[in-house]
Structure formats: structure tokens, C-alpha cells
Amino acid sequence: MEFDFRAIEQKWRKQWEDNGIYRVTEDTTKPKYYVLDMFPYPSGAGLHVGHPLGYVASDIYARYKRLKGFNVLHPMGFDAFGLPAEQYAIETGTPPQVTTDKAIATYKEQLGKIGFSYDWSREVKTCDPSYYKWTQWIFLQLFGSWYNREKDKAENIDTLIARFAHSGTDGFAQFDKEDHAPFTAAEWKGFSEEEQQHILMHYRLAYQSYSEVNWCEALGTVLANDEVKDGKSERGGYPVERRKMRQWFLRITEYSDRLLRGLDTLDWSEAMKDMQRNWIGRSEGAIIQFNLTQTLSKGEGLNTNTTNAGKPGFYHTDPLSWNANIDKAKQHRLDPTEAEEIVWQRLRGSATGHKIRRQHLIGSYIPDFVCIIKRLVIEIDGPIHDDQVEADQERTDELKQHGFEVIRFKNEAVFADIDAVVNAIKIKLDSLPDVSYDGTISEEVSEDALAPSPLERAGGEVAVFTTRPDTIFGATFMVIAPEHELVASLTTPAQQKEVDDYITYVKSRSDIERQQEKRVTGAFTGSYALNPFNGARIPIYLAEYVLAGYGTGAIMAVPADDERDRKFAEKFGLPVVEVIDKSMYPGATIEDKVGKMINSDFLNGMEVKDAIKAMLEKVEELGIGKRQVNYRQRDAGYSRQRYWGEPFPIVYKGDLPYPLPVSELPVVLPDVTSYKPSGDGRSPLANATEWVTTPQGQRETDTMPGYAGSSWYFLRYMDPKNPDAFAAKEKIDYWQNVDLYLGGSEHAVGHLLYSRMWHKFLHDLGYVPTEEPFQKLVNQGMIQGVSKYVYRLIPQNGKPIYISYSLVKRIQLPPLGMGILDFQSVNFLLPLLQPVLSQEHYLGFIGEIWIDKVKTDISFTDNDTLNIDQFKQWRTEYNDGIFILDDDRFTCEPIVEKMSKSKYNVVNPDVVIEKYGADCFRMFEMFLGPLDQSKPWDDQGIGGVEKFLRKFWRLFYDDKGGYRVSDEAATDAEYKVLHKTLKKLSEDIERLAFNTCVSQFMICTNELIDLKCTKRAILEPLVIALAPFAPFISEELWASLGHSDSVHKAVFPKVEEKYLVESSFTYPISINGKVRANLPFALDLSEADVKAAVLANEIVLKWTEGKEPKKFIFVKGRIVNVVI
RNA sequence: GCGGGCGUGGCGAAAUUGGCAGACGCACUAGACUUAGGAUCUAGCGCCGCAAGGCAUGGGGGUUCAAGUCCCUCCGCCCGCACCA
């Protein structure tokens, strides 16, 4: 009988299906094992050979586990909602359902040919209402839950409502005044339904909030991030703007810490875990409040701060004096003398035509009244305030130093004739010139130029987030995000224009531009903050390198130790103060957190790590900040303004969203006449007015994102048809979670993070027993394509000349493009060209010439050899080309790149299977190399696997088709071959090294052929071992051995170690580490005996020349090394 | 820039714990059988060398009796993240 894989595959595929041999039930007598492939999205293009790589691997593993006695769940289904089908619907009007069903049919057809052991009775599709009913149900659970941080788990929102009704926000640590105002239990009960719902929305795990989307006016739709290129829509290149819209979110950030900690319990690659860790981006630090400088009125004090000398300012004192006197000044204002009060009422504001302030700090003094611009101090002499002991003359001298003139009036004068006093003051003021902040006399100085920002006037503060509180003494400026909510109130009138211009500039730029920008940009707000530790007055800037969404959106900049801060300081001429001495740690960077603190007051001399701790304690002690853990991860957007997704089970009553009762699930996606967007930012569903309008209210028209259905599908496989629950509890308890999950690394931070969150959420609610959904994760590598390129030279006056790559390799071609061939190349090529070219043409070849290479479809090539006729027919432009062959063959250059249609290098598994069979295809996919490595698909090697299968078949049937398996007893040598193979296979399958398994099958087969072994005792176990890899041929040969049951129900043969024990070993004998001889010794021989024999050996003697070796290394069963 | 991975013949690769580098397969070369060969079988196949032997796992250095494997350093490629304070 000949090996006819087509007949065999067809026969068994049908039998397996008829008998349902891959059907699996919850069999409690066996241990369970769950092997899962990542949910495929069925694209219209079908599978290429890269897709099934992981499927083959997981199928082999699943089959192996079955043979080892496990009850294996190994299902398959489809992530069927998605953009491509919707896009196709917009373009052609074909309903996405139709497109998707067709694509799924193609996928199943292709998968079916490969011989997978999926239990298709468990297939699920996310777009099936009986499936998405439960996606909607889980959403309702999320909506109806909040995260209780005290218990560190999600629970029903009712417990939160009860808490509010009992004690309001009192003692509720989770309450954040940014979200809503505090309230008492009584207030809560008094709130309207709407007020209550708004408050609860800040706690629900599925909630609504406003966020920016990519709005494209021209297309009338919201675009996904990858539909936007360079700030324009990918389709049509229309402008895209950021627009705020109310959207659904999942509060995944509540799970950040658990998602992070959970990674430690998982058997995933470090790369994968790191990607998730990075994405979550936990950082520990502190939020620290910085006061703003100005808490009195504007123009106060003298600018004596040297670091800011010459800059616009209105702080006319120094930090120490400020701190010492500010409270006194405030007190004086509240408690003026009678005379002062009379004068103030006549001078206040600009009653005299000049701006007058009272009790205003200048240097270390607090004059009664001052006009800053005129540099005039007006004193009313009465009984001196008790706490103000200085003599008048001293004060006058000090003020003169600051450029101020002093005029004095007695209390009596004020009481006697206030008009005269005011008039005298007015005349004096009018006579004085305006003086600008830096002391120069100027006509143009206006009060506005010196005016503080609203927040400074209000005495506000700005919070920064820092992971390095130890460096605060080096903080010489502050930077806030351009989107920071305090920008307007931090901007002084004088800086208004600069700030506005900067914000306009920032808004004009896309996120990507902002990320790629390396230039330092920023703008000064005009405001200053006070460093709480050294009192330094530090300017506040805006810069786009600070992100609004991270931390507080504000940083204290430490230019000495932060690269970006340093660049910014350089650009804006800001001071740099070193705070860490890293001299004893050469090459250390700030991230290393090493060094000794300097210029840092009480931290001086401490190691960085201690300083961080000390500072955190100090900050909390002073009550100016607190420890804070920050996450980079944001809450997950859960709204899509699309048609082809799960509808939300939500209706609006007025403006408030309400969940539909579970009894109304599923909310079925309605048929629509047009898939075009509504145009107003809502999804195409908005046009289905009949569907949208319900007795309970208007339906939500957004749909759920692609990850909704794929975040829990692995649970549905456990109980795919259950109409009463997403899966029955006893089935979940049996299957637990996925033991082995195989898929591409592209899902590292999307699917795999969302699924983990959903799983933890369902765990919190008691629906699943496990914390993590995927215990072991393996990423298969990509299969790349091998594109084939044809070299072409185009002379200026002639036809293009195509040159076989085998010839190109022998010459030095200039870079592609216009170029001139060097002398040797021309010499090499001319004899080849001569016979085919005219004289004129031939000469044109010597001058400047166009050199390029063009892709050919790989179907026109056999290995690297091109079928020139097919190539010419493909594109008319190749028709008149002249082809220079080498040895009657024209070869192409093979280049490894991504397998894709556009590169004409796609290999379709159907074609391979048609030619070689599914068994061969499966084994070759595995033979290519390690599962997790990317590797090019190269048909050339497949012949080796094909040959192996035929040789294996030959062990059973001779070349005339006669059956040759005998019942003769096997020899020890034959058993040794078998058990050596079984051992290697068991080990390698466990570590998913399927490539070496295939090698071992080849080695084993070759050895059995050498031994002329055709014995049942050897072949029968081998057939079982081969079954996971090549299920068809194994089943056929198993039947030929007389079995009526399936090989896939057999038991994996046990390794018999007794056939593997060796009595002797041929030692490699090395001299100084180089192998010079091989000598067999019995394994029970002692080292001394071996040593004597080795040293007496002729070859060894030649090297040692009879001398006693310096050292004799003997590793039993491994090696002998003689050191001389 | 940061994080992870990788670098071994003409090609895909193997070497699981430091112990004979290149198993297995492709391609290639020679031969056998054959009406024929894109079948099958035999032999060869890292590089230099007639040979003895020498040199070889991206480069350089180190540890060791012994290094593809461990350490340091540099280079290159791939993947992910990217102003995350």
C-alpha cells in the first residue's frame, strides 16, 4: 500500500467528526488541563502559514496531555466584532454579519484541514447574541459595583450607598474632594436622585466621564488612534481634532496594584511581565504642596532676591523677612490706628491718582503706606506698635537703601485737617518720577506689569508629584502641564500673551508630534512658588514635557539631576543647584538612587535612599504633603462610536444612564439600513430611531470595544451553551482557568491586561475561584515571509536588462539608483551581454545606468529560480526585458520580511497541505525552529519532513505495498532506540521544544531502518508517540496494527529506563582541553584505573611524552582531561 | 533614551546542569540504481592546510582543568515602551 496522504486525511477527518472523538465533558475521574489559543479575529484574507504555528503547537500539547491521561479542554472560536467588517460595510453596504460569517467559514475550512483536535461543539462567536448577552451582563455587574479599597476588592454598589446613608463621607478614605464635595448622612438622604447618581458615578467600576476623542468633521465620525496619521484621517487625509465627549470607562486603575502583584504568580516570560509592569507604571513618591509667593496685595516688597534680580517681580523683600513679618503685616491691617484708618480711607486704591498700599513689606520693614511706582513711603507717627521697636531714623535709612523716600505726618495733623495731609501727599506723589522694578526711571511702568496672578493674590498653592523628594533643595523652578487646570489662575497679566501663544502652539500639535519633539519649549506664567524648605522663590513655567494626566500635572524641576529639567534650565537661563554628590559612584545616573546629599540642609551627608525616607517623613510631619503611589495606567475607554460591537444595556432617563434589568438581555444589535456614521459624533445606531426609543428611555448608542467580548471568552468555553449563566458554577469549578495559553505578543498590554482585570473582578464577586485567568503563557514567534527580488539594470538608451542574482553576487554593484558600474563589473558582464545586445545598446551599458530590484510574486519562483514567462506575463512593463541567465537559470535575491499580501510573499497553508499533506505541514511548522522565535518560512526544507513521513511509512509497508510488521521479539538495541526516543520526546514536549522532537523522530526512524527493524513491539509505541504531531498517518498505521479504537484515545508509552542504562562509555580524552582520543571504559571503573589506562595509551603518550600530568580531571560518564 | 530578546556553517537549526561545537534537515558535490527522475540509496560537506595540525559560536578581555553556555566591555539586529517627574 502506498502512502496516500490525501485519502488517509479525508478518511480520518470524516471518522473523527462522525464519532465526535474530540468532544470533551467534565470528567471528574481525570485531572483537567486547559489548553487555549488566543482568540482569532477572522479577517477576510484567510490564514497564511504564520497563523497556525501556535495552533499546531497547542494542538500537539493538547493531544500529548490527553495521551498522558488528562481531560483536556481545547476549544476554538472567534473574536467576531471589529472594525474591518464595519469598514467594509460602510464602503459596500454588505452587513458586517454577512462579511464576518463568510470570514469565519473560510477560517474553519482552513483550520479543519490541518487536523486540529478542537471540540467544535464549544465554538463561541462574540457577535452571537447568546454570547454577548453575557458580555452585557458582566458590564452590568461592573456598573453595579465599586472598588472597596479597605477590603481591596470589588463589591456591590449597594454597600457604598449604605455607607453614605449611614455616615456620609465621614472617615471615608476613598473620598477625594476633587470628585465631589463632602457630605453627611443626612445630606446624602436629602440629595435628589440625580445628585446621588452623579456621586455614585465616581465610584462605579464601569462609569461615564468626559474624555477626548479623535473627531473628524469631514467623515462625521470618531476615529481610533490607528486611523489617525500625522493629525489627519488615514482615509481621505481630512483634519482630525480633539473633542471632548461623554464616554464609558472601566476603572481598571483600581486593579493596578493587584494586576502588578499578580504577575509574580504567573508562568509568563519576563519580557511579557515587564511589558505589563511598564504599562501599569507604578511609581512611589510624594505629593508636596508649594505655596505661591504673594499673599498680600500686588507690588509688595522690594525685589532683593539675587537669583531673580533684573526680572519682573513684585516681591520686595527676602524670604526670611517675609516669613518673619508677613503675619505682623496682616495683623496691622486688621488692627490699624485711628489715624492710619482715616488716612487709608482717603488714599486707598487709586484715590489720589496713584496706587497706594498699606502695611506692605519692604526689606525687613512694614511701612504704613507705600506707593511702589513712585518709591514713596508715607508714615503716620503715633505711638509706635509695641512689637515695632526700631527708631524712625533707622527705618528711613533702610528704606532709602531700597530707593524709597519717606514722608511723615503726625497723628495730630491727620485729626486736625485730613484734606491738607492728603493734598500734601498728592503733590509729593505727582512730583516724583515712575520707577520700574529694576530701579530705572521709566514712563511706561504700569501697575499691570507688576500685577500678580489671580492665584498668587488668592494665596493659593500648587501640588507637585515627585518620586525624588530628597532633591527638593535643588528645585529651582516648577513646571506645569499646558493643560493644567491652574494655568489661567497662575498667569499674570504681563505674561498673558506669552502663555496664550504657547498654549495655541501646543494645541496645534498632535500627541505624536509632542512625543517626538526633542526641542525644549515652554512659557513663563509670571507666578512664583516658594520652596517650602529653603524659602527660595521659584518661577513657574508651562512646558509640554510635563503631562497633565500624570501625577498632579506639575513637577518641581531639579535641573541638577534630571536631564529634561536641565535642558529646560539651560534654555531659560534658570539656576542649577547640585544636591547629590555622585563622585564615589562613577557612571551612576539619577535612577540608580545613589550618592550623598549636599546643599540640602538637614539631609546633608545622607545617602540618597535614606534622604528620600527622611524627606518623606519630614513632609508628612510638616503637613505639606503625603506619600503617594502613582500609576501610569489610565482607566480604560469602553465606548466606541461604532455599529459593529456589543450594544450597552443602558437607557437614559433625561441625562442619567440606567441599567436595563437582566431579564431584558441581550440587547440585540438592530439591523440598520446604513452603516455610515450619524455625523454628530454618535454611532450609526443613533439613526435607528425605533430601536433607540424605548418606554424606559433612550438607548445608549455607543457600542462596546473589541476587547469586551475577548476579556472573558475562555470562561464561556467551559459551558458555551448555558442560557442561565455565563457558565455554570460547577463547570467553572472543574476547569478553573487556562493552564497553557498560546498566542502572539501583540496582545501583551491589551487583551491580556483587560482579561486579567475582568477575571479578578469576577473573582471578587465570587463567580470564579481563581485570581488569574492564564497560568502559563507562551508567545509564538512570527513566521516571516521570504520575498524574492529581481535585479534590473536600465541603460539610458535601451531595454531593461534583468540579471540573475547568482551573477549579481559575483560583482560589486553600486547602491541602487543612478550609478556607474565599476571596471571589473563591466568586464564581467559584457561577455554575457554581447550575444543578446546590439552594439549601440551594448555601449550604453558602460555609462550611467539605473539600477534597481523589483519584487516578484513568490508563486513564480521555485526556490530562488524565477519562472521568467510567468514573471513577464504578470506586469506588461517586464515584457520587453532582456534576461541574463546563469547556467540556464535565473535566480532572485531572497529577502526575509513580514509576510503580507503587499509583499507578494504570502504562503497559504491550503496550498502546502494540498501538496504535502496536513501531517507534513504540521511537522514542518514545528521543525522550523523554536516556537517562540521568529523565523522565515522556507519551502525548501519541507522535503526533509516529507521524506521522513515516507520513511516512517516504509517501516510498515515495503515498496511493493506489502505489510511487513512482524510480531518477533525486539532486541535490546531496538528497545534502546525506542526508549531513547520516548524519553527525549517526553522531555521536549513538556518544554514545548517541538523542533527537536521532529529531529528525534527522524533520528529514530533512521536508526530503525539501519537496524532493519519492523517489529510491532517497537512500532506500536512509536505510532502513539507520533500521534500528537502527525495525527492522520498515526491513526492509519494504528488501524493497520489491528486496533479498532483511535490512537488518540491510547496511552502514551512509558519510558523504560532499563533499556537506557549503559555499562560502558566512550570517553573523549582531552589533553589540555583538546580532544585527542576516544577510549571506552566501563562505567563502574574507578578513577585510578581509568587514569592508569589513559596515561598508558599510545596517543596520550605521544602528547605527554611519558611525563606525569599536572592534573587529571575525570568526570564519570562525561570526559577525561589530562593537563600537562 | 529605557526595558526585553537575539547574534553558532551557504540556509533553518542542535548542544536542557560549564564537559567531544555544528545533532537533525535543506542546499550543494560525487557516485549507484534507473527508460526517466523534483524517486530511492551510498559517500562527502565549518574555515585554512597535501598532511600533521591549526583556527572557529558578533569583536575584545576575564574566571576555569574545561566556556556557545558564567562575568566585564564594545558592536550589530529584532521586539516593546517612549518626555511618567
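Below is a summary of the structure that appears in this document. Owing to the predicted nature of the structure, the values given are computational and were not obtained by experimental measurement. (Residues numbered from 1 in each chain as written. Chains lettered and ligands numbered in written order. Predicted model: local features only at pLDDT ≥ 70, side-chain atom pairs only at ≥ 80, totals over all residues. Heavy atoms only, no water.)

## Digging into the overall build of chain A
When helices and strands are counted, chain A shows 40 helices and 42 strands. Relative to the 2.2 N^0.38 estimate, which gives 32 Å for 1124 residues, the radius of gyration of chain A is 41 Å and therefore markedly larger than a compact globule would have. C-alpha extents for chain A along the principal axes are approximately 140 × 85 × 85 Å. With 1124 residues in all, chain A has 53% of them scored as buried. Sequence-distant contacts in chain A: of pairs separated by 6 or more residues, those separated by 24 or more amount to 71%. (Helix = DSSP H or I, 4+ residues; strand = E, 2+ residues; numbered from the N terminus. Rg over C-alpha atoms; globule rule 2.2 N^0.38 Å. Buried < 20%, exposed > 50% of the residue type's maximum accessible area, 1.4 Å probe, protein only. Contact = heavy atoms within 4.5 Å.)

## Thoughts on the packing of aromatic side chains
In the structure shown here, the tally under the stated rule is 86 aromatic pairs. Here Tyr-975 and Tyr-1059 contribute two aromatic rings whose centre-to-centre distance is 4.5 Å and whose plane-to-plane angle is 20°, an arrangement assigned as stacked. Separated by 84 residues along the polypeptide, Tyr-975 in helix α35 (residues 972–990) and Tyr-1059 in the loop between α38 (1031–1040) and β39 (1064–1071) bring together distant segments of the chain. Residue Tyr-975 shares its accessibility class with Tyr-1059, and that shared class is buried. Note that Arg-251 overlies the ring of Tyr-207, its terminal NZ or CZ placed 3.9 Å from the centroid. The cationic tip of Arg-537 hangs over the ring face of Tyr-528; the distance from NZ or CZ to the ring centre is 3.7 Å. (Phe/Tyr/Trp six-rings, centres within 6.5 Å; stacked < 30°, edge-to-face > 60°. Lys NZ or Arg CZ within 6 Å of the ring centre and 35° of its normal.)

## Concerning the protein's contact with RNA strand B
In the vicinity of RNA strand B, 53 residues are found, and the nearest of them are Thr-467, Tyr-550, Arg-564, Leu-928 and Asn-1121. Protein-adjacent atoms of RNA strand B, using a 4 Å cutoff, are sugar or phosphate at a proportion of 61%. Side-chain polar atom of Thr-466 to a sugar or linking oxygen of RNA strand B: 3.3 Å apart, as the coordinates give it. Side-chain polar atom of Lys-947 to a phosphate oxygen of RNA strand B: 3.0 Å apart, as the coordinates give it. Broken down by element, the residue count for the surface near RNA strand B peaks at six residues, all from helix α36 (residues 994–1010). (Near = heavy atom within 4 Å. Polar contact = N/O pair within 3.5 Å; in protein donor to acceptor, adjacent residues only side chain to side chain.)

## As for the environment of Glu-925
Relative to the helices and strands, Glu-925 resides in helix α33 (residues 918–927). The spatial distance from the C-alpha of Glu-925 to the C-alpha of Gly-54 is 9.4 Å, given a sequence separation of 871 residues. Those residues in contact with Glu-925, other than ones at most four positions away along the chain, are Val-49, Pro-52, Leu-53, Ile-783 and Trp-937. Reaching out from Glu-925, the side chain makes a polar contact with the backbone nitrogen of Leu-53 at a distance of 3.3 Å.

## Considering the pairing of strand β18 (residues 537–542)
Among the six residues that make up β18, six are buried, leaving the element largely enclosed by the rest of the structure. Note that strand β16 (residues 477–480) and β18 share three bridges and pair parallel. Each residue of the ladder has a partner; that of Val-479, found in β18, is Tyr-541. For strand β17 (residues 523–530) and β18, the ladder comprises five bridges, and the chain directions are antiparallel. By the bridge assignment for β18, Phe-524 is matched with Tyr-541. From the end of β17 to the start of β18, which pair antiparallel, there are six residues, and Gly-535 there has a positive phi angle of about 70°. (Pairing = 2+ DSSP bridges.)

## Thoughts on the side chain of Gln-141
Tracing the sequence through the fold places Gln-141 in helix α5 (residues 129–143). If near-sequence neighbours (up to four positions away) are discounted, Gln-141 is found in contact with Phe-761, Leu-765 and Tyr-767.

## What about α35?
Its 19 residues place the ends of α35 27 Å apart at the C-alpha level, agreeing with the 27 Å of an ideal helix rising 1.5 Å per residue. Among all positions in α35, only Glu-974, Tyr-975, Val-977, Leu-978, His-979, Thr-981, Leu-982, Leu-985, Ser-986, Asp-988 and Ile-989 are buried. On the buried face of α35, the contacting elements are α2 (52–67), α36 and α37 (1016–1026). Following α35 by one or two positions, Leu-992 adopts a phi angle in the positive range, close to 55°. (Expected span 1.5 Å × (residues − 1).)

## Points about the nonpolar core
Counting 182 residues, the largest nonpolar core has Phe-139, Tyr-638, Phe-726, Met-923 and Phe-956 as the members making the most contacts within it. Among residues more than four places away in sequence, those in contact with Met-923 are Val-945, Phe-948, Leu-949, Val-998, Phe-1001, Leu-1026, Phe-1029 and Ala-1030. Listed in part, the 52 residues of the second largest apolar core include Ala-481, Ala-529, Phe-533 and Ile-538. (Core = buried A, V, L, I, M, F, W, Y, C linked by side-chain atoms within 4.5 Å.)

## Quick word on the packing of α33 against α38
Relative orientation of the contacting elements α33 and α38 amounts to 125°, with a least axis distance of 7 Å. Considering the angle they form, α33 stands oblique to α38. Residues Ala-918, Asp-919 and Arg-922 of α33 form the contact with α38, whose participating residues are Pro-1031, Phe-1032 and Ile-1033. (Axes fitted to C-alpha atoms, helices over the stretch in contact; angles between N-to-C directions. Parallel < 35°, antiparallel > 145°, perpendicular 65-115°, else oblique.)

## Overview of a negative patch on the surface
Together, Asp-176, Glu-178, Asp-179 and Glu-485 make up a negatively charged patch on the protein surface. Summarising the element assignment, Asp-179 is placed in the loop between α6 (157–167) and α7 (185–190). (Patch = residues over 30% accessible without salt bridge, like charges linked within 9 Å, V, L, I, M, F, W, Y side chains within 5 Å. Areas by Shrake-Rupley, 256 points an atom, 1.4 Å probe, with all protein chains shown as cover. Salt bridge = Lys/Arg side-chain N within 4 Å of Asp/Glu carboxyl O. Lys, Arg positive; Asp, Glu negative; His and termini not counted. Charge placed at Lys NZ, Arg CZ, Asp CG, Glu CD.)

## Topic: the sheet that holds strand β40 (residues 1074–1082)
With respect to topology, four strands assemble into an open sheet ordered β40-β39-β42-β41, the strand pairing being mixed. For this open sheet the edge positions go to β40 and β41 (1111–1115), each flanked by a neighbour on one side alone. Here the average twist between neighbouring strands, direction ignored, is 20°. Judged from the eight bridges that link them, β39 and β40 form a sheet pairing that is antiparallel. Within the sheet, the bridge partner assigned to Ile-1071 lies in β40 and is Lys-1074. Across the face of the sheet, helix α39 (residues 1087–1096) comes into contact with β39, β40, β41 and β42 (1119–1123) while running at roughly 120° to β41.

## Comments concerning unusual backbone geometry
Here the bond from Leu-665 into Pro-666 is cis, since omega is -5°, no more than 30 degrees from zero. Relative to the helices and strands, Pro-666 resides in the loop between β25 (656–659) and α23 (689–692). With phi around 55°, Asp-152 is a residue other than glycine that occupies positive phi space. Structurally, the position occupied by Asp-152 is in the loop between β3 (145–148) and β4 (153–156). Even without being glycine, Asn-1072 reaches a positive phi, approximately 50°. Structurally, the position occupied by Asn-1072 is in the loop between β39 and β40.

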